[in-house]
Amino acid sequence: MPEALVEVQDLVKYFPVYQRGVLLKKKVGDVHAIDNVSFKVGRGETLGLVGESGCGKTTTGKVMLDLETGDSGKVLFEGKEVHESLKKAPRSEKLALRRSMQMVFQNPYGSLDPRMTVFDIISEPFVIHKHIPHVEWKDRVYSLLKLVGLEEYHAERYPHEFSGGQRQRISIARALATEPKFIVADEPVSSLDVSIRAQILNLLEDLQKKTGISFLYISHDLSSVRQVSQFVAVMYLGKIFEYAPVNQVFDKPLNPYTMALLSAVPIPDPVRQTKRIILPGDVPSPVNPPSGCRFHPRCPYAAEVCKTDEPPLRELGSGHLVACHFAEKFA
Amino acid sequence: MGELLRVDDLRTYFYTEAGVVKAVDGVSFVANEGEPLGLVGESGSGKTVTVLAAMGIVSRPGKIVSGKIFFKGEELDHKSEKEMRKIRGKKIGYVSQDPNSSLDPLFTVGNQLVEVIRTHFEDTKDQAWDKGVKLLKLVGIPEADTRMRSYPHELSGGMKQRVAIARALAGEPELLVADEPTTNLDVTIQAQVLDLLKTLGKQLNMSLILITHDMGLIAEMTKRVVVLYAGKVAEEASTLEVFQTPKHPYTAALLASVPRLDRKEVLVPIGGGIPNLITPPSGCRFHPRCAYAKQICIDQIPPLEESGQRRLVACHRWKEIDLRRKA
């Protein structure tokens with residue numbers, strides 16, 4: 001793996017759960033959104049973060065950008081602690097850090113201000129960061145529009161005049177306006193139609209080739225993760241279960257959860273149907289995650305040790321990290 | 001193999017303030033017994049409206065403008081609402097996409113099942129209740145007795161979809177229409193529900209119409225496919241043929257634009273967007289996005305032609321172009 005651009009170390013984030021009493025709120029527990037998670041995103045690379053709803057993928061992305069504050073642990077961007085820098089560093093340094101990390105949200109119908117024109121939306125970062133002289137704004141907006149596959153005349157329009165795919169292009173252009181080095185893309189294609197998804201996935205790949213930008217690609221759709229990522233991290237109930245180069249995860253998964261997840265995806269080919277591993281039950285509540293390995297109540301291979309001991313994330317083979325007591329069995 | 005549902009040249013329009021939306025514009029197909037049928041298309045292709053119209057539950061401003069619908073050879077469109085209620089649920093069960101809105105939040109699961117059972121059978125309340133418990137067991141809900149007294153909000157998404165399936169099965173239908181039954185569910189739960197639909201089909205000898213935009217589901221669950229685009233049938237063939245030798249450029253483009261889990265390949269997106277159905281494109285509705293479009297595609301609507309045994313395609317150029325994928 002090349003040098004890390006962003007590094008997450010032992011990140012923990014709990015959300016308190018309150019019960020409303022007559023007068024006071026009483027804390028009754030915590031949602032374990034992220035529980036001791038570490039990983040790296042390499043320069044010019046895409047890390048795909050996959051998992052089912054409620055496993056903590058979006059929270060991880062938000063904490064990385066300091067949109068949420070972690071309870072403990074660190075996020076390092078180019079070696080600097082993000083949360084500390086944003087709290088203490090002088091304003092110019094803060095802005096520079098904010099500029100280099102951006103986010104593309106899941107729902108392009110909610111993330112664009114309906115009362116702003118596309119020009120205003122894309123040039124708003126220039127107002128804040130002042131990194132582009134005013135005379136160049138127009139050219140810059142036009143070149144950004146072109147980069148994401150839109151036309152110059154689109155700049156004068158409002159978001160409601162665009163389709164979902166075009167809106168997602170606009171929000172990508174806005175994220176690119178600050179010339180970031182790292183973008184968190186949170187389910188950028190899941191609200192789009194199938195024929196449009198490929199357009200956006202190809203766009204992300206092209207942008208990476210052209211600008212060397214790094215992505216954290218958050219998704220529950222494994223096929224699209226394979227398409228855009230070089231590395232993949234699989235999350236379950238706030239924990240990383242497997243973390244490896246993309247082909248290793250997809251061709252030779254070592255964690256039973258990853259295996260079940262992969263086998264659950266229908267393959268668009270009537271001749272190549274695989275045997276499906278069907279997990280019993282639902283994802284347990286993150287308020288009271290199961291003891292030991294969090295996957296043990298649903299795992300077909302669970303043994304006594306899985307109920308009591310939490311498996312550490314350990315390396316098995318070159319760069320393949322896995323959290324399972326029996327990973328050797330599957331190698 | 002008997003014929004179950006036949007839809008003949010169905011047209012369903014929505015009369016909105018902005019204009020007439022031609023959501024379904026001349027759709028025909030046949031669903032046979034024991035031959036799971038897939039209706040595939042993107043949002044706005046008319047897949048849901050087609051089956052809603054077939055069951056006679058299109059609500060205003062929508063209206064069935066023309067077309068005939070037969071169930072086992074019996075024409076449905078002249079039936080009164082009272083007669084239709086007996087067919088809906090009893091002959092054709094329907095599972096919608098979102099169990100959160102299809103289950104009534106104010107009634108318990110038991111209430112909702114008993115209501116359907118007593119509409120279709122002359123059961124006492126107790127008998128219906130027992131049947132409800134059996135249905136919940138059938139769809140794999142643990143502690144069925146206690147779950148009968150639960151309200152929908154107390155159940156997880158996967159459980160709610162199971163309840164919705166149980167309710168659709170309550171009338172012991174011969175045909176189950178599942179409209180994107182797994183879109184709102186997580187992948188591992190989706191696997192459970194798909195498995196359930198498969199085993200139920202066999203166990204109860206019930207046929208399936210699956211509506212989806214996911215080519216993966218089509219490949220796995222169906223034997224026959226109708227590809228819809230902008231309210232019209234683009235292609236109809238067996239599932240195997242659709243995947244191996246698509247004849248309509250839209251089908252081929254759809255297949256080439258879906259990322260695959262088993263290998264990484266170059267994605268070829270379909271340019272442009274889904275057309276506006278108030279003023280659909282002239283001629284072939286796919287022509288503005290089609291790589292093979294010629295003048296004739298702009299001028300004339302392509303007829304749905306036979307292109308092989310039990311194969312239909314609506315494209316002017318299907319004979320000339322080779323769409324086979326390089327595997």
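Residues numbered from 1 in each chain as written. Chains lettered and ligands numbered in written order. Predicted model: local features only at pLDDT ≥ 70, side-chain atom pairs only at ≥ 80, totals over all residues. Heavy atoms only, no water.

> Whenever I open this one, the interface of chain B and chain A confuses me. Can you help?
Interface size is commonly expressed as the accessible surface area that is lost when the partners come together. The interface of chain B with chain A comprises 40 residues on the first partner and 39 residues on the second. Roughly 3,600 Å² is buried in total at the junction of chain B and chain A, and carbon and sulfur atoms are behind 56% of that figure. Contact with chain A buries surface across chain B, with T188, R260 and L261 of chain B losing the most and accounting together for 20% of the total. On inspection of chain B and its partner chain A, the count reaches 3 salt bridges. Between E205 of chain A and K264 of chain B there is a salt bridge whose closest N-O contact spans 2.8 Å. The tally of links from chain B across to chain A stands at 15 residue pairs in polar contact (both at pLDDT 80 or more). When contributions to the side of chain B that touches chain A are tallied by element, the ones reaching two or more residues are α8 (187-204), α9 (215-221) and α10 (239-244) of chain B. Examining the composition of the side of chain B that touches chain A, we find that 8 residues originate from one element, α8 of chain B, more than from any other. Taken together, the residues of the side of chain B that touches chain A sort by class into 17 nonpolar, 13 polar and 10 charged. (Contact = heavy atoms within 4.5 Å. Buried area = accessible area lost by both parts, 1.4 Å probe. Salt bridge = Lys/Arg side-chain N within 4 Å of Asp/Glu carboxyl O. Polar contact = N/O pair within 3.5 Å; in protein donor to acceptor, adjacent residues only side chain to side chain. Helix = DSSP H or I, 4+ residues; strand = E, 2+ residues; numbered from the N terminus. Nonpolar A, V, L, I, M, F, W, Y, C, P; charged D, E, K, R; others polar.)

> Would you explain the nonpolar core in this entry?
In summary, soluble globular proteins display a tendency toward joint burial of nonpolar side chains. Residues I172 and F250 of chain A are the most contacted members of the largest nonpolar core, which totals 66 residues. Sorting elements by how many residues they give to this core places helix α7 (residues 194-211) of chain A first, with 7 residues. Two domains share this core, each providing at least three of its residues, namely domain 1 (4-236) and domain 2 (244-331) of chain A. Ignoring sequence-local partners within four residues, the contact set of F250 of chain A consists of L222, V225, R226, V232 and L262 of chain A together with L261 of chain B. Counting 39 residues, the second largest nonpolar core, distinct from the first, contains L113, A168, L196 and L208 of chain B. (Core = buried A, V, L, I, M, F, W, Y, C linked by side-chain atoms within 4.5 Å. Buried < 20%, exposed > 50% of the residue type's maximum accessible area, 1.4 Å probe, protein only. Domains from an automatic or database assignment.)

> What is the right way to read the packing of helix α4 (residues 109-120) of chain B against helix α7 (residues 157-169) of chain B from this model?
Angle between the axes and distance between the axes: these two values describe a pair of packed helices. Residues and elements named next belong to chain B. Following both chains from N to C, one finds α4 and α7 inclined at 20 degrees, their axes separated by 9 Å at the closest point. In terms of orientation, α4 and α7 fall into the roughly parallel class. When the axes of α4 and α7 are compared, the crossing they make is right-handed. When α4 is examined against α7, the residues V109, Q112, L113 and V116 are found in contact with a partner set consisting of V163, A166 and R167. (Axes fitted to C-alpha atoms, helices over the stretch in contact; angles between N-to-C directions. Parallel < 35°, antiparallel > 145°, perpendicular 65-115°, else oblique. Left-handed = near helix turned anticlockwise from the far one by under 90°.)

> What is the right way to read the packing of helix α6 (residues 164-176) of chain A against α7 of chain A from this model?
Residue and element names in this part refer to chain A. Across the interface, α6 lies against α7 with an axial gap of 10 Å and an inter-helix angle of 20 degrees. Classed by the angle they form, the pair α6 and α7 counts as roughly parallel. Between α6 and α7 lies a crossing of right-handed hand. On α7, the residues that touch G165, Q168, R169, I172 and L176 of α6 are I196, Q199, I200, L203, L204 and L207.

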